[in-house]
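# Fold and geometry: a report
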Amino acid sequence: MCRFIAYRGDPIFLEELVAKPSHSLVRQSLRAQQAHTATQGDGFGIGWYGEREEPAVYREVMPAWSDDNLIALAATVRSGLFFAHVRAATGGGISRQNCHPFRHGRWLFMHNGQIGGYAKVRRALEAQLPDALYAARRGATDSELMFLLALARIEAGESPADAICRVFERTANLMHERGIREPLRFAAALADGHEIHAFRLSSDDSPPTLYQRCNDHGALVASEPLDDGDDGEWAPLAVGDVVCLRVATA
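All figures in this text were calculated on a predicted structure; none of them were measured in a lab.

## A word on the nonpolar core
One finds F109, I115, V121, F147, F186 and L190 to be the most contacted residues of the largest nonpolar core, which totals 32 residues. Going through the elements one at a time, β6 (107-115), α4 (118-126), α6 (142-155), α7 (160-177), β7 (184-191) and β8 (195-202) are the ones with two or more residues in this core. No other element matches α6, which puts nine residues into this core. With sequence-adjacent residues up to four places away left out, I115 is seen in contact with V121, L125, D142, M146, T171, M175, P183 and L184.

Structure, rendered in structure tokens:
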């Protein structure tokens, strides 16, 4: 299982969440506490919004804990909306194109989980993509495919939250039709540069962990709390929860 964080709020240096906390994302890449696998060493990525409408992305296949460039970037880049993700591959192979977050236009997306029996439904799901979005696909993961399927719905006029939930529902139904008993597990975040939608969904009762923390300076969702202490600030999302991180601007 992968681990990730998504932040929306006052601009901060990425290192404040990616590297500095006692249980930072970099530390989770080596020793996660609430994942099926403790080590998330199959690549990482960060995505952030700056002065342009489209986000910047840095992704690499080496483990997050061993990349000095990640630490240097996180100490230099400042943003009010950013994603960070460390990967434990469940399919699709280890390559830069398969690392999260995925970017298309102004959108960023990252995911933790998997489509059970993916090989049995992949072709049918890909057939639902419009030609332009099919051509935009760069990797081989189920995560990127679900992202593009959601974008097709958003382009057709659905809200981001509805688009993701409809893709989840249709994928689960297709798995059921094909007799797949493995679960569809889905903890994810989707951003457009202004707000973040976060999801904790599953076809069984064991979705990947996801927590929320909010204060006067911003809001954050994370696969695991970023500190070792239990100060009551971290609220676990329930199965089926969909939240929106939005910060009012003056």
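Moving on, there is more to tell.
## Here we look at the environment of R78
Its place among the elements puts R78 in strand β4 (residues 78-86). Sequence separation between R78 and F13 is 65 residues, and the spatial gap between their C-alpha atoms is 4.1 Å. R78 has contacts with P11, I12, F13 and L14, leaving out every residue within four places of it along the chain.

## Structural notes on the sheet that holds β7
Strand-to-strand pairing in sheets goes through backbone hydrogen bonds, with the strands running parallel or antiparallel. The strand order across the open sheet built from five strands is β5-β6-β7-β8-β12, with neighbouring strands paired in antiparallel fashion. Where the open sheet ends on each side, the last strands, each with one partner, are β5 (102-104) and β12 (242-246). Averaged over all adjacent pairs, the angle separating strand axes in this sheet is 15°, with direction ignored. Across five bridges, β8 lies against β12 in antiparallel orientation. By the bridge assignment, I196 is partnered in β12 with L245. α6 contacts β5, β6 and β7 of the sheet and is inclined by roughly 130° relative to β6.

About the thresholds
Residues numbered from 1 in each chain as written. Predicted model: local features only at pLDDT ≥ 70, side-chain atom pairs only at ≥ 80, totals over all residues. Heavy atoms only, no water. Core = buried A, V, L, I, M, F, W, Y, C linked by side-chain atoms within 4.5 Å. Buried < 20%, exposed > 50% of the residue type's maximum accessible area, 1.4 Å probe, protein only. Helix = DSSP H or I, 4+ residues; strand = E, 2+ residues; numbered from the N terminus. Contact = heavy atoms within 4.5 Å. Pairing = 2+ DSSP bridges. Axes fitted to C-alpha atoms, helices over the stretch in contact; angles between N-to-C directions.

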